[in-house]
Amino acid sequence: MSNVLIIGATSAIAIAFARQCASRKDRLFLVARNATRLQMLVDDLQARGAVAIASQLLDVSRLDRHVEVLSAAVKFLKILDVVLIAHGSLPDQQVCETNPSALQQALQINGNATINLLALVANRLQSQHCGALLVISSVAGDRGRASNYVYGAAKAAVSTFASGLRNRLYRDNVRVITVKPGFVDTPMTVSFDKGLLWAQPETIARGMQRAIDRRRNVVYLPAFWRWIMWLIRAVPESIFKRLSL
Amino acid sequence: MVSARRHPICSDEGIRSQLKQGFQGISRGLGRSYGDSALAAAVLDLTGLDCIRSFDHRRGIIHCYAGISLQELLSVIVPSGWFLPVTPGTRFVTLGGAVASDVHGKNHHLDGCISAFVEQLEIMTANGDVLVCSQTEHSDLFHASCGGMGLTGVIVSICLRLRAVRSCYIEQTTLRAENLQVAFELFAENQGASYSVAWLDCLARGDNLGRSVVMLGEHADSGGLKMQYKAQFAMPLDMPTGLLNSSVVRNFNRLYYRHAVNGQEKEVYFVPFFYPLDRLAHWNRLYGKQGFLQYQFVVPEDAAFVVMTEVLSRISAAQLGSFLCVLKATGPGNANYLSFPLQGMSLALDFSFTLSLLPLLNELDAIVVDHGGRIYLAKDARMSAAIFRRAYPKWQIFSQVRENYGAAGVFCSAQSNRLGLDG
């Protein structure tokens with residue numbers, strides 16, 4: 001039995017992860033923005049066997065509320081064994097190119113908010129000298145592409161920040177796990193045509209649990225993305241800039 | 001090719017907002033109905049609306065949103081000693097879809113369709129109201145919606161009464177029947193078996209016409225409730241057209257029949273017993289790019305032998321081998337307006353698609369309907385409106401209920417169009 005805090009709990013990957021936790025009879029603290037969907041999830045996890053669940057509403061772009069929500073989680077769970085930061089939104093790249101406020105909002109949700117939460121949770125985990133901190137970054141953060149570099153830039157910041165935290169917290173027995181999913185079939189990606197490379201949220205969630213159990217640092221999910229991204233990073237910039245990926 | 005706008009739904013509010021914006025189309029689960037019942041210009045994808053609302057472990061009552069898959073449901077209920085009261089031949093359908101098709105299973109002869117175990121449904125009607133309906137409350141909407149192919153409104157949630165089990169294993173008995181007559185006798189003799197179904201070799205001719213392997217099952221008492229998770233194999237791409245041609249099918253069928261040991265009893269895990277095809281994801285790709293058509297009909301008991309003999313002779317003569325051919329004794333029909341089963345025998349076939357298949361199926365339609373039978377809407381992709389009306393005489397009541405609840409003109413599919421239900 002673990003104590004699990006999930007931020008962005010109603011995102012498809014987080015739901016799949018939370019259900020795994022519930023069937024293992026974990027204690028859960030869920031944070032999400034939409035009250036109706038959060039309540040639906042709480043009932044669902046209870047029916048699946050979660051031992052204790054509490055939840056709190058939060059719009060992650062309200063950085064000023066992060067401290068308060070985290071204290072509520074700590075008060076309920078006492079020790080944080082696993083923390084998952086899973087919120088995110090896929091911005092419309094073309095709108096962001098011309099509309100500064102859309103750009104700011106995309107960076108705020110996918111970048112600043114995540115980093116702020118990472119920083120706060122990291123300090124808490126450091127003080128308890130244990131715990132696993134998972135953050136959902138993305139393969140999009142590995143290299144900027146014309147089709148979604150705004151989202152990619154935010155995720156790159158998250159990956160780099162997480163890498164630094166991992167380094168800092170290593171001696172405190174705190175594990176930081178950067179999760180880089182490839183294409184996942186979720187409501188966030190409904191407008192895409194799905195092909196062979198697409199994975200289900202449940203597959204990603206199973207991979208995340210494996211990453212915790214095997215004490216991994218950076219995981220690509222499904223694993224073949226590590227090789228795809230290796231290839232994509234290997235292309236020289238002079239060629240890469242001409243490609244449309 | 002049908003291209004559709006797909007709207008992912010995660011809450012009933014999501015459905016309501018689509019309806020307010022003038023949605024016209026059909027709700028969809030995992031898209032496993034074989035025909036065009038989940039195709040429309042716009043579809044509400046309910047697979048994200050998959051939460052469990054409550055699960056009473058003691059009484060075996062589970063209340064779920066419609067988008068939950070049977071696979072997910074099983075993974076929650078089986079470990080606590082419960083099982084689906086009725087299950088179709090695949091776990092990869094949603095509960096909402098199962099109710100909308102009023103699915104039957106290998107226990108239909110005793111237990112009826114899934115609707116018999118539905119305590120209540122919540123249905124969002126065209127104006128965005130959620131109505132609770134059951135056999136006693138808004139019963140007209142209940143009887144129209146169970147088996148109603150999503151044409152009455154959006155099934156939002158289902159409260160289902162489960163079956164208690166002590167084990168996740170099935171005691172399976174295999175019996176060989178050298179022809180149709182023997183198969184019918186075996187079904188009659190084994191009416192008391194909890195589950196019964198026959199795999200049938202539809203290319204056998206003459207004295208062997210209707211040669212089959214009958215499988216009976218009972219829930220075991222031992223073996224425990226621990227679920228097994230086996231990897232699924234997947235067909236990565238379309239096979240060449242004609243891979244499943246009649247000589248391949250004939251040889252497969254011959255081997256399958258010979259391989260079956262008459263009178264063999266063994267304990268099998270519930271998944272291979274109920275869901276043999278689930279092991280191979282995208283098995284439809286075996287049929288190649290042009291795909292296949294599935295055809296399932298049921299005929300009343302007194303006409304069953306004559307009709308089955310006629311149908312099998314015609315298929316055998318046409319050399320259009322069906323790879324999968326499933327025979328099943330069905331119990332009494334129910335009060336739902338478009339529910340498929342009625343007391344008699346049902347046969348399900350699938351055919352590699354060719355244009356020459358269509359006239360054959362039209363002939364079969366006529367034979368079936370002339371003898372008081374029906375064709376299953378969840379598998380139908382080509383039946384004519386005229387045949388539909390003869391097969392489902394309560395279609396007018398169904399249309400009236402749709403009218404009364406404002407569903408006509410809002411909830412419609414390629415199938416409802418074809419069947420003349422959209423005026």
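Nothing here was measured: the structure is a model prediction, and the numbers come from that model. (Residues numbered from 1 in each chain as written. Chains lettered and ligands numbered in written order. Predicted model: local features only at pLDDT ≥ 70, side-chain atom pairs only at ≥ 80, totals over all residues. Heavy atoms only, no water.)

### Brief notes about the side chain of B:K379
Residues and elements named next belong to chain B.
- Here K379 is to be found in the loop between strand 20 (374–375) and helix 11 (385–391).
- Although K379 is buried, it makes no salt bridge; D350 carries the closest opposite charge, 7.6 Å away.
- Dropping the residues within four chain positions of it, K379 is found in contact with Y34, G35, Q294, Q296 and A348. (Helix = DSSP H or I, 4+ residues; strand = E, 2+ residues; numbered from the N terminus. Buried < 20%, exposed > 50% of the residue type's maximum accessible area, 1.4 Å probe, protein only. Lys, Arg positive; Asp, Glu negative; His and termini not counted. Salt bridge = Lys/Arg side-chain N within 4 Å of Asp/Glu carboxyl O. Contact = heavy atoms within 4.5 Å.)

### Thoughts on the domain arrangement of chain B
Residue and element names in this part refer to chain B.
- On domain assignment, one finds that chain B holds domain 1 (5–165 + 394–418) and domain 2 (169–389).
- Computed over C-alpha atoms only, the centres of domain 1 and domain 2 are separated by 25 Å.
- At the junction of the two partners, domain 1 supplies 46 residues and domain 2 supplies 46 residues.
- At the junction of domain 1 and domain 2, the tally comes to two salt bridges.
- Across the pair D278 and R91 runs a salt bridge, and its minimum N-O distance is 3.1 Å.
- Here domain 1 is connected to domain 2 by 21 residue pairs in polar contact (both at pLDDT 80 or more).
- The set of elements that each furnish at least two residues to the side of domain 1 that touches domain 2 consists of helix 2 (70–77), helix 4 (108–111), helix 5 (139–145), helix 12 (395–404) and helix 13 (414–418).
- Across the side of domain 1 that touches domain 2, the residue classes tally to 20 nonpolar, 18 polar and eight charged. (Domains from an automatic or database assignment. Polar contact = N/O pair within 3.5 Å; in protein donor to acceptor, adjacent residues only side chain to side chain. Nonpolar A, V, L, I, M, F, W, Y, C, P; charged D, E, K, R; others polar.)

### A few points about the nonpolar core
- Counting 117 residues, the largest nonpolar core has B:L121, B:L160, B:F270, B:F297, B:L327 and B:L347 as the members making the most contacts within it.
- If you count residues domain by domain, this core takes at least three from each of domain 1 (5–165 + 394–418) and domain 2 (169–389) of chain B.
- Membership of the second largest hydrophobic core comes to 37 residues, among which are A:I6, A:I136, A:V179 and A:A199. (Core = buried A, V, L, I, M, F, W, Y, C linked by side-chain atoms within 4.5 Å.)

### Quick look at the sheet that holds strand 7 (residues 218–221) of chain A
All names here are of chain A.
- Pairing in this open sheet of seven strands is parallel, and the strands run 3-2-1-4-5-6-7 from one edge to the other. In this open sheet, the two edge strands, each paired with only one partner strand, are strand 3 (52–57) and strand 7. Pairs of neighbouring strands in the sheet enclose a mean axial angle of 15 degrees, with direction left out of account.
- Here strand 1 (residues 3–7) pairs with strand 2 (residues 27–32) via five bridges, running parallel. Counterpart to I7 in the pairing with strand 2 is V31. (Pairing = 2+ DSSP bridges. Axes fitted to C-alpha atoms, helices over the stretch in contact; angles between N-to-C directions.)

### Describing the packing of aromatic side chains
- Across all of its chains, the model carries 22 aromatic pairs over all chains by this definition.
- Taking 6.1 Å as the distance between ring centres and 70 degrees as the angle between the ring planes, the aromatic pair formed by B:Y195 and B:F273 counts as edge-to-face. Residue B:Y195 is located in strand 12 (residues 195–200), and its partner B:F273 is located in helix 8 (residues 270–274); the two are separated by 78 residues in the primary sequence.
- Given the relative accessible area of 2%, B:Y195 is considered buried.
- By way of ring pairs, the aromatic residues B:F83, B:Y169, B:Y195, B:Y269, B:F270, B:F273, B:F274 and B:Y275 are connected into one cluster.
- The ring of A:F240 has A:R143 sitting right over it, with the charged end atom 3.8 Å from the ring centre.
- Above the face of the B:F273 ring, B:K106 is positioned so that its terminal group lies 5.9 Å from the ring centre. (Phe/Tyr/Trp six-rings, centres within 6.5 Å; stacked < 30°, edge-to-face > 60°. Lys NZ or Arg CZ within 6 Å of the ring centre and 35° of its normal.)

### Overview of unusual backbone geometry
- Following A:L221, the chain continues into A:P222 via a peptide bond in cis, with omega recorded as -10 degrees.
- One can find A:P222 in the loop between strand 7 and helix 8 (225–234).
- Unusually for a residue other than glycine, B:D102 sits at a positive phi of about 40 degrees.
- Inspection of the secondary structure assignment puts B:D102 in the loop between helix 3 (95–100) and helix 4.
- The backbone of B:H282 sits at a positive phi, close to 55 degrees, despite the residue not being glycine.
- The exposure class of B:H282 is partly exposed, given its relative accessible area of 41%.

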